[in-house]
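Here are the chains, one letter per residue:
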Amino acid sequence: TDGLDGLVSFVSLPVTMVFAFIAYMQGMLDLSGFSLGLTGACLGFLLFNRHPARVFMGDTGSLALGGLFGGIYVAEALSVIIQVTYFRFSGGKRIFRMSPLHHHFELGGWPEVKVVRVFTAVSCVLSVIGLCLWLNAFV
């Protein structure tokens, strides 16, 4: 998710905030504090990574965030796995124009800002779904 300006932070913010809330409500203050720390780190990073980006996180940071918080990150990683596997077994054919998935949409004509907005909206929806599932299960 580090390939587009602001994508990694915008996608992570709703997830880290929901994780922080759920952890707090469960009495896991250390996990809540960790999630809020990541929220703050993403906000701070966003100052320099929003469009037009001056600083990039790279794979180390974006993969670490993906390992902690799924959703969009899972789709991004799966798009690479699917693309490479299909390419090898089909003799060079592709499913996506390019992987990871956000580049597929860019090559399809979406401007970078639109990809970031759509992926952020999906992340927000997935976060709200996760929160609703938690509320129904535990409250």
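Look up a bit, the structure's there.
The structure contained in this document is the topic of the report that follows.

Calculation criteria
Residues numbered from 1 in each chain as written. Predicted model: local features only at pLDDT ≥ 70, side-chain atom pairs only at ≥ 80, totals over all residues. Heavy atoms only, no water. 1 Å grid on protein atoms, 1.4 Å probe; cavity = no way out; pocket = protein on both sides within 12 Å on 5 of 7 lines; lining within 4 Å. Points joined across faces, edges and corners; volume = space filled by probe spheres on them. Helix = DSSP H or I, 4+ residues; strand = E, 2+ residues; numbered from the N terminus. Core = buried A, V, L, I, M, F, W, Y, C linked by side-chain atoms within 4.5 Å. Buried < 20%, exposed > 50% of the residue type's maximum accessible area, 1.4 Å probe, protein only. Expected span 1.5 Å × (residues − 1). Arc of directions from axis to C-beta. Phe/Tyr/Trp six-rings, centres within 6.5 Å; stacked < 30°, edge-to-face > 60°. Lys NZ or Arg CZ within 6 Å of the ring centre and 35° of its normal. Contact = heavy atoms within 4.5 Å.

**Section: the layout of surface pockets**
Here the second largest pocket is characterised by a volume of approximately 200 Å³. Around the second largest pocket sit 15 residues that line it, and Val15, Val18, Phe19, Leu126 and Ser127 are the ones nearest its centre. Those elements giving two or more residues to the lining of the second largest pocket turn out to be helix 1 (7-25) and helix 6 (112-138). It is helix 1 that contributes the most residues to the lining of the second largest pocket, six residues altogether.

**Quick look at the nonpolar core**
Leu7, Val11, Leu65, Tyr73 and Phe119 are the most contacted members of the largest nonpolar core, which has 19 residues in total. Among the secondary structure elements, those contributing two or more residues to this core are helix 1, helix 2 (29-49), helix 4 (72-89) and helix 6.

**Considerations on helix 2**
What sets the pattern is the α-helix's 3.6 residues per turn: residues three or four places apart point alike. In this model helix 2 runs 29 Å from its N-terminal to its C-terminal C-alpha over 21 residues, within 8% of the 30 Å that 1.5 Å per residue would give. What helix 2 keeps buried is the set Ser32, Ser35, Leu38, Thr39, Cys42, Phe45, Leu46 and Asn49. Buried residues of helix 2, viewed axially, fall in a sector of 150°; they line one side. Across from the buried face of helix 2, at angles greater than 90 degrees, the exposed residues are Leu29 and Asp30.

**Quick word on the packing of aromatic side chains**
In the structure shown here, the tally under the stated rule is three aromatic pairs. For the pair Phe21 and Trp134, a centre-to-centre distance of 6.2 Å together with 80° between the ring planes defines the contact as edge-to-face. Separated by 113 residues along the polypeptide, Phe21 in helix 1 and Trp134 in helix 6 bring together distant segments of the chain. Overall, Phe21 belongs to the partly exposed group, its relative accessible area being 37%. Seen in terms of ring centroids, Phe105 and Trp110 are 4.7 Å apart; in terms of plane orientation they differ by 25°. Their pairing is stacked. Grouped by ring-pair contacts, the aromatic residues Phe105, Trp110 and Phe119 constitute a single cluster. One residue, Lys114, lies across the ring of Trp110, its end atom 4.6 Å from the ring centre.

**A word on the side chain of Ser35**
Note on placement: Ser35 falls in helix 2. What makes Ser35 buried here is its relative accessible area of 1%. Those residues within four positions of Ser35 in sequence are excluded, and the remaining contacts are Thr16, Phe19, Ala20 and Phe69.

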